[in-house]
Amino acid sequence: MKGESLYDEDWKLLRHYPNQTVAAMAVQLLTAEGIPVYKLDGTIGVHLPGLGGSKVFVRGCDLDLAERLLSAEGLSEET
């Protein structure tokens, strides 16, 4: 990952999950397969953290493989 940065890549939205736990499972699966990934968690106010869903992003060049992996594991988009 030498010289790579979140800002140097063509990052694409892979999935939006209303459930942050399922999003974390998807991130763990993709990371284990060597796919760089990042997750942005939303919130619904300060009193309900974790309920705003999560967006999972991968590099554009990894999008197809990531889609296949998530589909095979049943971690499809929930929105």
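Above this note sits the structure.
Read on for a plain summary of the structure. Please read all numbers here as calculations on a predicted model, not as lab measurements.

**Notes on the overall build of the chain**
Part 1 of the argument: Counting its regular elements, the chain contains two helices and three strands.
Part 2 of the argument: Across the 79 residues that make up the chain, the buried fraction comes to 32%.
Part 3 of the argument: A separation of at least 24 residues holds for 67% of the contacts in the chain among residues at least 6 apart in sequence.
Part 4 of the argument: Summing over all exposed atoms, the chain offers an accessible surface of approximately 5,100 Å²; the carbon and sulfur share of this is 54%.

**Quick notes on the pattern of salt bridges**
Part 1 of the argument: Tallied over the entire structure, the rule returns four salt bridges.
Part 2 of the argument: Between Arg 59 and Asp 62 there is a salt bridge; the shortest N-O distance is 2.9 Å. Asp 62 shares its class with Arg 59; the two are buried.

**Points about the nonpolar core**
Part 1 of the argument: One finds Leu 14, Tyr 17, Leu 30, Val 56, Val 58, Leu 70 and Leu 75 to be the most contacted residues of the largest nonpolar core, which totals 16 residues.
Part 2 of the argument: Of all the secondary-structure elements, those providing two or more residues to this core are strand S1 (11–17), helix H1 (20–32), strand S3 (54–59) and helix H2 (63–72).
Part 3 of the argument: Considering every element that reaches this core, the biggest residue donor is H1, with six residues.

Analysis parameters
Residues numbered from 1 in each chain as written. Predicted model: local features only at pLDDT ≥ 70, side-chain atom pairs only at ≥ 80, totals over all residues. Heavy atoms only, no water. Helix = DSSP H or I, 4+ residues; strand = E, 2+ residues; numbered from the N terminus. Buried < 20%, exposed > 50% of the residue type's maximum accessible area, 1.4 Å probe, protein only. Contact = heavy atoms within 4.5 Å. Areas by Shrake-Rupley, 256 points an atom, 1.4 Å probe, with all protein chains shown as cover. Salt bridge = Lys/Arg side-chain N within 4 Å of Asp/Glu carboxyl O. Core = buried A, V, L, I, M, F, W, Y, C linked by side-chain atoms within 4.5 Å.

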